[in-house]
There are 2 protein chains.
Amino acid sequence: MPRIRHTTLTCSPGCTVEATLELFGGKWKALILYHLFEDGVLRFSEFRRRMPNVTQRMLTNQLRELEADGLISRTVFPEVPPRVEYELTDLGKTLKPVIHALKEWGDKYAHSLKQKKE
Amino acid sequence: MPRIRHTTLTCSPGCTVEATLELFGGKWKALILYHLFEDGVLRFSEFRRRMPNVTQRMLTNQLRELEADGLISRTVFPEVPPRVEYELTDLGKTLKPVIHALKEWGDKYAHSLKQKKE
DNA sequence: CTGTATCCCCCTCGATACTG
DNA sequence: CAGTATCGAGGGGGATACAG
């Protein structure tokens, strides 16, 4: 329950760039959002399949933060076994151009990054 | 001189989203790029004025990483006092849509984020 | 299936002082 | 002016075990 927002607020005006970026601060958030844009609705286990390198802990953590930021919604179905579905909120959906821009760029230029093996 | 790239490579394909995001991993990189898009060419001290909350150390660090990634260029003028100018490379300029998307979203929706004062 | 709870390493980043 | 050097804290995030 830390959930400490960086309280960056680094730059006075016009620096909403940063505010936006804080949303993706978490290491996996962009990926989560990306998959939600792709698939619409996803269960916890489906995330795990799509992002095998993310630990449970981190996945839960990042999902919770995205939820706290009002970008995704979490619906629990009282069944056995339990089922939980995540989807984008209306606010979350407005991020589409951002995620899209990220993906577009990556598709075109990611390969041209200088490889720096430590 | 660690310059350790996270070697994330988390997700097999289609996850260039993440690759792109790694470029902005640094806390201030997006802001640096943003200012370069605004102003074209900037000196070290000009960055400092535009980003008063960034320490020298961090500014230097982030500039170096952006340079190492081939996104900005660094030109030293052998004068006294020294002058160093930074500007976007051709590759760096291709990030315009991304930075623009980040800023657009921030301008529209940053205020609607849930305020979480820890 | 969908998570919590711990433990703990290690990297990130701030503060401060020094340099060519 | 434009940086380096060093120190040190803090928290992000991995591994693992446990729970409803």
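Residues numbered from 1 in each chain as written. Chains lettered and ligands numbered in written order. Predicted model: local features only at pLDDT ≥ 70, side-chain atom pairs only at ≥ 80, totals over all residues. Heavy atoms only, no water.

**Regarding the overall build of chain A**
Right, so step 1: Of the regular secondary structure elements, chain A holds 6 helices and 3 strands.
Right, so step 2: Mapped from its N terminus to its C terminus, chain A presents α and β elements in the order α-α-β-α-α-β-β-α-α.
Right, so step 3: By the burial criterion, 43% of the 118 residues in chain A qualify as buried.
Right, so step 4: Approximately 6,500 Å² of chain A is accessible, and the part contributed by carbon and sulfur atoms is 54%. (Helix = DSSP H or I, 4+ residues; strand = E, 2+ residues; numbered from the N terminus. Buried < 20%, exposed > 50% of the residue type's maximum accessible area, 1.4 Å probe, protein only. Areas by Shrake-Rupley, 256 points an atom, 1.4 Å probe, with all protein chains shown as cover.)

**Some points on the protein's contact with DNA strand D**
Right, so step 1: By nearness alone, 21 residues border DNA strand D, and Arg57(A), Met58(A), Gln56(B), Arg74(B) and Tyr86(B) come closest of all.
Right, so step 2: Within the backbone of Pro82(B), an N or O atom sits 3.3 Å from a sugar or linking oxygen of DNA strand D.
Right, so step 3: Among the elements of the structure, helix 4 (56-68) of chain A together with helix 3 (44-50), helix 4 (56-68) and strand 3 (83-88) of chain B are those that each provide at least two residues to the surface near DNA strand D.
Right, so step 4: If you tally residues by element for the surface near DNA strand D, the top one is helix 4 of chain B, at 4 residues.
Right, so step 5: Grouping the constituent residues of the surface near DNA strand D by class yields 8 nonpolar, 6 polar and 7 charged. (Near = heavy atom within 4 Å. Polar contact = N/O pair within 3.5 Å; in protein donor to acceptor, adjacent residues only side chain to side chain. Nonpolar A, V, L, I, M, F, W, Y, C, P; charged D, E, K, R; others polar.)

**What to know about the protein's contact with DNA strand C**
Right, so step 1: Arg64(A), Arg74(A), Tyr86(A), Arg57(B) and Met58(B) are the nearest of the 20 residues found near DNA strand C.
Right, so step 2: Backbone sugar and phosphate groups make up 58% of those atoms of DNA strand C lying within 4 Å of the protein.
Right, so step 3: Taking Ser45(A), its side chain carries an N or O atom lying 2.8 Å from a phosphate oxygen of DNA strand C.
Right, so step 4: Arg64(A) is positioned with one of its side-chain polar atoms (N or O) 2.6 Å from a phosphate oxygen of DNA strand C.
Right, so step 5: Counting residues per element, the ones that place at least two in the surface near DNA strand C are helix 3 (44-50), helix 4 and strand 3 (83-88) of chain A together with helix 4 of chain B.
Right, so step 6: No other element matches the 4 residues that helix 4 of chain A contributes to the surface near DNA strand C.
Right, so step 7: Each residue belonging to the surface near DNA strand C can be placed in one class, and the counts come to 8 nonpolar, 6 polar and 6 charged.

**With respect to the nonpolar core**
Right, so step 1: Ranked by internal contacts, the top residues of the largest apolar core, which has 65 residues, are Phe24(A), Phe47(A), Ile72(A), Phe24(B), Phe47(B) and Ile72(B).
Right, so step 2: If we skip the residues at most four places from it in the chain, Ile72(A) touches Leu33(A), Leu36(A), Leu63(A), Leu66(A), Glu67(A), Tyr86(A), Glu87(A), Leu88(A) and Thr89(A). (Core = buried A, V, L, I, M, F, W, Y, C linked by side-chain atoms within 4.5 Å. Contact = heavy atoms within 4.5 Å.)

**Points about the environment of Phe47(A)**
Residues and elements named next belong to chain A.
Right, so step 1: Along the chain, Phe 47 turns up in helix 3.
Right, so step 2: Overall, Phe 47 belongs to the buried group, its relative accessible area being 0%.
Right, so step 3: Residues Phe 47 and His 35 lie 12 residues apart in sequence; the distance between their C-alpha atoms is 8.0 Å.
Right, so step 4: Other than its neighbours up to four places away in sequence, Phe 47 contacts Ile 32, His 35, Leu 36, Leu 42, Leu 59, Leu 63 and Tyr 86.

**Considering the pattern of salt bridges**
Right, so step 1: Applying the stated criterion across every chain yields a total of 11 salt bridges over all chains.
Right, so step 2: Between Arg50(B) and Asp39(B) there is a salt bridge whose closest N-O contact spans 2.7 Å. In this pair, Arg50(B) sits in helix 3 while Asp39(B) sits in helix 2 (residues 29-39), placing the two residues 11 residues apart along the sequence.
Right, so step 3: Accessibility expressed as a relative area gives 35% for Asp39(B), which makes it partly exposed.
Right, so step 4: A salt bridge links Lys103(B) to Asp107(B), with the nearest nitrogen and oxygen atoms 2.9 Å apart. Residue Lys103(B) and its partner Asp107(B) are both found in helix 6 (residues 96-109); the two are separated by 4 residues, about one turn of the helix.
Right, so step 5: The structure contains a network of salt bridges with shared partners spanning Glu79(A), Arg83(A) and Glu85(A). (Salt bridge = Lys/Arg side-chain N within 4 Å of Asp/Glu carboxyl O.)

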